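Summary of structural features
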Amino acid sequence: EEWFNENAATVTLPNKDVQAVYDMGQYAIRASQNGESGALCLGLLPHLWGGGLYCSYDAYFTLNALLSSGHLREVEVYKNFLYAQGDVGKQALASIGLDGVAFTGWTNCKGEFCRSGIPLTEWFLKEKPMFACCEVHNLYQVWSRTGKQTDEKLINLLKGFVVFAK
């Protein structure tokens, strides 16, 4: 265990073959994050989906891998992606007279809603409990595993989830 440091993004293992496997795993985890938006995209080949497809309940696994391996910079970038998604959801809800914050759950790598055939506001009303719960859980993981530091944006986002979920 002396080779592991949860707060460090690199690990030096005593066996070079095991180190190579670890390094490849770290690359694969980080390769799932879209470099422009910060979305944690599905799969290891996001280019197959036009730059990546984001789904909150799948992002949980990559998020936990980043947190467990000390990639806190990447986690902050992901948190900023969630903040931007919250702003989009808040505006969409306001357009139909609802308060709070909602998440689509399904976006392209840029954070644009990508479920064809259904309006965004209708999607929010249909899927609101599941995706709100997934994003709250992801943000809780960030909060609980990065020293329980909060900022005003995080608190307002979580409050917005509660308002919408009522």
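Examining the nonpolar core
Judged by nonpolar contacts, the single largest core of 23 residues is most densely connected at Tyr 54, Leu 63, Tyr 78, Leu 82, Leu 157 and Phe 161. Counting residues per element, this core draws most heavily on helix H3 (residues 72-95), which supplies five residues. Discounting chain neighbours no more than four positions away, the residues touching Leu 157 are Leu 82, Tyr 83, Gly 86, Val 101, Phe 103 and Leu 139. Among the nonpolar cores identified, the runner-up in size contains seven residues, and Leu 42, Trp 106, Ile 118 and Trp 123 belong to it.

Topic: a nonpolar patch on the surface
Judged by side-chain polarity, Ile 96, Leu 98 and Leu 125 come together as a nonpolar surface patch covering roughly 240 Å² of accessible area. Position of Leu 125 among the secondary structure elements: in helix H4 (residues 120-145).

Notes on the environment of Arg 115
The topology assignment puts Arg 115 in the loop between strand S2 (106-108) and H4. Arg 115 has contacts with Trp 106 and Trp 123, leaving out every residue within four places of it along the chain.

Structural notes on the side chain of Lys 79
Examined against the element boundaries, Lys 79 turns out to sit in helix H3. Setting aside anything within four residues of it in sequence, one finds Lys 79 in contact with Leu 139, Val 142 and Asp 151.

With respect to helix H5 (residues 152-165)
With 14 residues, H5 extends 20 Å between its outermost C-alpha atoms, agreeing within 8% with the 20 Å of an ideal straight helix rising 1.5 Å per residue. Turning to H5, its buried residues are Leu 154, Leu 157, Gly 160, Phe 161 and Phe 164. Taken end-on, H5 shows its buried residues confined to a sector of 125°, consistent with a single buried face. Residues of H5 that are exposed and point over 90 degrees away from its buried face: Glu 152, Lys 159 and Val 162.

Points about the pattern of salt bridges
A complete count under the given rule lists two salt bridges for this structure. For Arg 73, the salt bridge is made with Glu 74, and the minimal N-O distance between the two is 3.5 Å. For Glu 74, a relative accessible area of 11% gives the class buried. The residue Lys 79 makes a salt bridge to Glu 76 at a minimum N-O spacing of 3.3 Å. Taken together, the residues Lys 79 and Glu 76, both in helix H3 and three residues apart, mark about one turn of the helix. Accessibility expressed as a relative area gives 7% for Lys 79, which makes it buried.

Description of the confidence of the model for the protein
Per-residue confidence for the protein gives a mean pLDDT of 80; residues scoring 70 or more make up 87%. Put simply, H4 is where the protein has its lowest mean pLDDT, 79, and H3 is where it has its highest, 89. Within the model, the stretch residues 1-5 combines pLDDT values under 50 with six contacts to residues more than four positions away or in other chains.

Here's the deal with the packing of aromatic side chains
According to the stated counting rule, one finds seven aromatic pairs in the structure shown. Measuring from ring centre to ring centre gives 6.5 Å for Tyr 78 and Phe 81, while their planes differ by 25°; the resulting arrangement is stacked. Here the residue Tyr 78 and the residue Phe 81 both occupy positions in helix H3, the gap between them amounting to three residues, near one helical turn. By the burial criterion, Tyr 78 is buried, and Phe 81 matches it. Ring centres of Phe 103 and Phe 161 lie 5.1 Å apart, and the angle between their planes is 45°; this geometry places the pair in the tilted category. Separated by 58 residues along the polypeptide, Phe 103 in the loop between H3 and S2 and Phe 161 in helix H5 bring together distant segments of the chain. The buried category is assigned to Phe 103, whose relative accessible area is 4%. The exposure class of Phe 161 is buried, given its relative accessible area of 3%.

The rules behind these values
- Residues numbered from 1 in each chain as written.
- Predicted model: local features only at pLDDT ≥ 70, side-chain atom pairs only at ≥ 80, totals over all residues.
- Heavy atoms only, no water.
- Core = buried A, V, L, I, M, F, W, Y, C linked by side-chain atoms within 4.5 Å.
- Buried < 20%, exposed > 50% of the residue type's maximum accessible area, 1.4 Å probe, protein only.
- Helix = DSSP H or I, 4+ residues; strand = E, 2+ residues; numbered from the N terminus.
- Contact = heavy atoms within 4.5 Å.
- Patch = residues over 30% accessible without salt bridge, like charges linked within 9 Å, V, L, I, M, F, W, Y side chains within 5 Å.
- Areas by Shrake-Rupley, 256 points an atom, 1.4 Å probe, with all protein chains shown as cover.
- Salt bridge = Lys/Arg side-chain N within 4 Å of Asp/Glu carboxyl O.
- Expected span 1.5 Å × (residues − 1).
- Arc of directions from axis to C-beta.
- pLDDT = per-residue confidence, 0-100.
- Phe/Tyr/Trp six-rings, centres within 6.5 Å; stacked < 30°, edge-to-face > 60°.

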